[in-house]
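Observations on the model geometry
Residue-level listing of the chains:
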Amino acid sequence: MERVVSRENMVAAWQQVKANAGAGGVDRKTVDATHRHLVSHWPGIAEKLVAGTYRPGAVRAVTIPKPNGGERLLGIPNVQDRLIQQGLSQVLGEVFEPKMSEHSYGFRRGRSAHDAVAAARDHVLSGKRYVVDLDLKQFFDQVDHDILMEQVKREVTDKRVLRLIGQYLRAPMVQADGRREKRQRGTPQGGPLSPLLANIYLTSLDRELEARGIAFVRYADDIQLYIGSLRAAERLLASLSQWLQRHLKLEVNADKSGRGPSDGATLLGFRLHANGEIDLAPRSLERLKDEVRAQWDARCSLPLTERPQRWREYLTGWWGYFRFATCWRQVCGLSGWIRRHQRKYFWLRWHHPRGRLRALQRLGIQGRALGQAWSRRGAWRMARHPVLHTALPNARLSRWGFGLPWHSAA
């Protein structure tokens, strides 16, 4: 605990919490408000932590949509507890990191989703023709506290740290209507300590797979196994379902788990092909299309001056992740569709014939072509009209800040 509350560790923890920002917890204190509080009260908080008398606050329940449908429950601690959890995670990470599997990639220093996808590609290229996609039903909500704490106790003997982890696990969750719910299971996502505890919990699964000689990749609770035959894949899925229930009290989601040919397997938003190519998974493309529709909805009240920044912020993050793909045929195939949404947006924002006339004149359109300002075509049809292509060519849209990064990369 003295290592946790040391100045060096807590300064690093605060920098991380501040960088992550995020909403306040039950107390609704922002990062800045918490900083002002800690300037005066941190010595007393540190004394309580060292003495083992500190009591964490409740967590705020927040639901967010899952990319694949449904909702995910988050438990958001207050900022002060996020700081302490981050400090704990940094110290405990040094203890548990060397004990973790080489096949585990999620929430680990120096490892990334791209590393996991590259490892999966290597397994596929090695001739593992079938993939078992293992989906753990509500994993973060089903972690057994007793099993988890036994795993932590194997490496941590400081009773103050063990007690504090247990208190964080059991901290009540406050729902939006004010109801406080006790927690007997789970380590809800939302706090800095949860990813480390999840990795500790699933390390025993990693060791079991290694002992069986199974090629696999795990990124948090995203798990894929690579097998030589369909029959072996079916047997493995059945036996692992029993093992997980017996040893970790986890249920395999039969509806979402599956097995099939490795060609076309998807992992972390990417699709892997038997020849080693990596492109975007179909759901990733659909999410991109959904975002394009939302950003280029003319009913959105965002001022035009702010739109380039919003578009760049989204595409910078999106491109930073998905540029790892080696095959861009499908994405490049969407370029014209995206440009059409952009032109449709401008046509609708010009509102009426006279507004469209003035806009077309400003953009260099002359003569009879200006008559299109009175066109009765719908906006979607008009978005691919030659006049609008001339007024809003790809180069002009890019100069305005609405470029498509995969074209620059090509």
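Residues numbered from 1 in each chain as written. Predicted model: local features only at pLDDT ≥ 70, side-chain atom pairs only at ≥ 80, totals over all residues. Heavy atoms only, no water.

Right, let's talk about the pattern of salt bridges for a bit. Following the criterion strictly, the structure yields 21 salt bridges and no others. One salt bridge connects Glu-251 with Lys-137, and the closest N-O pair in it is separated by 3.9 Å. With Glu-251 in the loop between helix H9 (230–247) and strand S8 (258–261) and Lys-137 in the loop between strand S3 (130–135) and helix H5 (139–142), this residue pair connects regions lying 114 residues apart in the sequence. By relative accessible area, Glu-251 is classed as partly exposed at 44%. (Salt bridge = Lys/Arg side-chain N within 4 Å of Asp/Glu carboxyl O. Helix = DSSP H or I, 4+ residues; strand = E, 2+ residues; numbered from the N terminus. Buried < 20%, exposed > 50% of the residue type's maximum accessible area, 1.4 Å probe, protein only.)

With that settled, the discussion passes to empty space enclosed by the protein. Tallied over the full model, the rule gives three cavities of 30 Å³ or more. Empty space within the largest cavity amounts to approximately 150 Å³. Taken together, 15 residues form the lining of the largest cavity, with Gln-85, Tyr-168, Arg-183, Thr-187 and Pro-188 sitting closest to its centre. Secondary-structure elements contributing two or more residues to the lining of the largest cavity are helix H7 (159–170) and helix H8 (194–211). Counting residues per element, the lining of the largest cavity draws most heavily on H7, which supplies three residues. Partitioned by chemical class, the residues of the lining of the largest cavity number nine nonpolar, five polar and one charged. Of the pockets and cavities examined, the second largest cavity occupies roughly 50 Å³. Along its surface, the second largest cavity is lined by Met-1, Lys-48, Leu-49, Gly-52, Thr-53, Tyr-54, Arg-160, Arg-163, Leu-164 and Gln-167. Counting only elements with at least two residues in the lining of the second largest cavity, the list comes to helix H2 (31–51) and H7. When residues in the lining of the second largest cavity are grouped by element, the largest group, four residues, is from H7. Of the residues assigned to the lining of the second largest cavity, the class counts are four nonpolar, three polar and three charged. (1 Å grid on protein atoms, 1.4 Å probe; cavity = no way out; pocket = protein on both sides within 12 Å on 5 of 7 lines; lining within 4 Å. Points joined across faces, edges and corners; volume = space filled by probe spheres on them. Nonpolar A, V, L, I, M, F, W, Y, C, P; charged D, E, K, R; others polar.)

Turning next to helix H1 (residues 7–20). Taking 1.5 Å as the rise per residue, H1 with 14 residues should run 20 Å; its terminal C-alpha atoms sit 20 Å apart, in good agreement. Taken together, the buried positions of H1 are occupied by Asn-9, Met-10, Ala-13, Trp-14 and Val-17. Buried residues in H1, looked at end-on, bunch into an arc of 130 degrees, giving them a common side. Set apart from the buried face of H1 by more than 90 degrees, the exposed residues are Arg-7, Glu-8, Gln-15, Lys-18 and Ala-19. Of the surrounding secondary structure, the elements contacted by the buried residues of H1 are H2 and helix H3 (79–96). Among the residues trailing H1, Ala-21 stands out with phi positive, at a value near 55 degrees. (Expected span 1.5 Å × (residues − 1). Arc of directions from axis to C-beta. Contact = heavy atoms within 4.5 Å.)

So, on to the layout of surface pockets. In this model, the second largest pocket occupies a volume close to 1000 Å³. Taken together, 32 residues form the lining of the second largest pocket, with Gln-16, Gln-86, Ser-89, Pro-192 and Pro-195 sitting closest to its centre. Of all the elements in the fold, those that place two or more residues in the lining of the second largest pocket are H1, strand S1 (59–65), strand S2 (71–76), H3 and H8. With six residues, the single largest contributor to the lining of the second largest pocket is H3. Residues of the lining of the second largest pocket, tallied by class, amount to 13 nonpolar, 13 polar and six charged.

A few words on the confidence of the model for the chain. Taken residue by residue, the chain gives an average pLDDT of 92. The fraction at 70 or more is 98%. When mean pLDDT is taken per element in the chain, helix H6 (residues 145–153) scores highest with 97 and helix H18 (residues 405–409) scores lowest with 74. (pLDDT = per-residue confidence, 0-100.)

This brings us to the pairing of strand S7 (residues 222–227). Across the six residues of S7, five count as buried, placing the element largely inside the fold. Direction of pairing for S3 relative to S7: antiparallel, over a ladder of six bridges. Bridge pairing in S7 places Leu-134 opposite Ile-223. If you look at the hairpin formed by strand S6 (residues 215–219) and S7, you'll find two residues sitting between the two strands, and Ala-220 has a positive phi there, around 55 degrees. (Pairing = 2+ DSSP bridges.)

Take the environment of Arg-111 next. If you trace the backbone, Arg-111 turns up in the loop between H3 and helix H4 (113–125). Sequence-wise, Arg-111 and Tyr-219 are 108 residues apart; in three dimensions their C-alpha atoms are separated by 9.8 Å. Discounting chain neighbours no more than four positions away, the residues touching Arg-111 are Ser-101, Glu-102, Ser-104 and Tyr-105. Side-chain polar atoms of Arg-111 contact the side chain of Glu-102, separated by 2.7 Å. Among the polar contacts listed, one links the side chain of Arg-111 to the backbone oxygen of Ser-104, at a separation of 2.9 Å. (Polar contact = N/O pair within 3.5 Å; in protein donor to acceptor, adjacent residues only side chain to side chain.)

In this structure, Trp-42 and Leu-225 are the most contacted members of the largest nonpolar core, which totals 64 residues. With eight residues, the top contributor of residues to this core is H8. Beyond its immediate chain neighbours, meaning those up to four positions away, Trp-42 contacts Val-5, Met-10, Leu-49, Leu-83 and Ile-84. If you look at the next biggest cluster of nonpolar residues, it comprises 57 residues, including Phe-270, Phe-322, Leu-388 and Trp-406. (Core = buried A, V, L, I, M, F, W, Y, C linked by side-chain atoms within 4.5 Å.)

It is worth spelling out the sheet that holds strand S10 (residues 270–272) at this point. Taken in spatial order, the three strands of this open sheet run S9-S10-S11, and their pairing is antiparallel. Both outer strands of the open sheet, strand S9 (265–267) and strand S11 (278–280), are each paired with one neighbouring strand and no more. Shown here is a sheet whose adjacent strand axes are inclined to one another by a mean of 35 degrees, direction ignored. Examined bridge by bridge, S9 and S10 share three bridges and lie antiparallel to one another. Bridge pairing links Thr-266 to Arg-271 in S10. Relative to the sheet, H4 contacts S9, S10 and S11, its axis offset from that of S10 by approximately 15 degrees. (Axes fitted to C-alpha atoms, helices over the stretch in contact; angles between N-to-C directions.)

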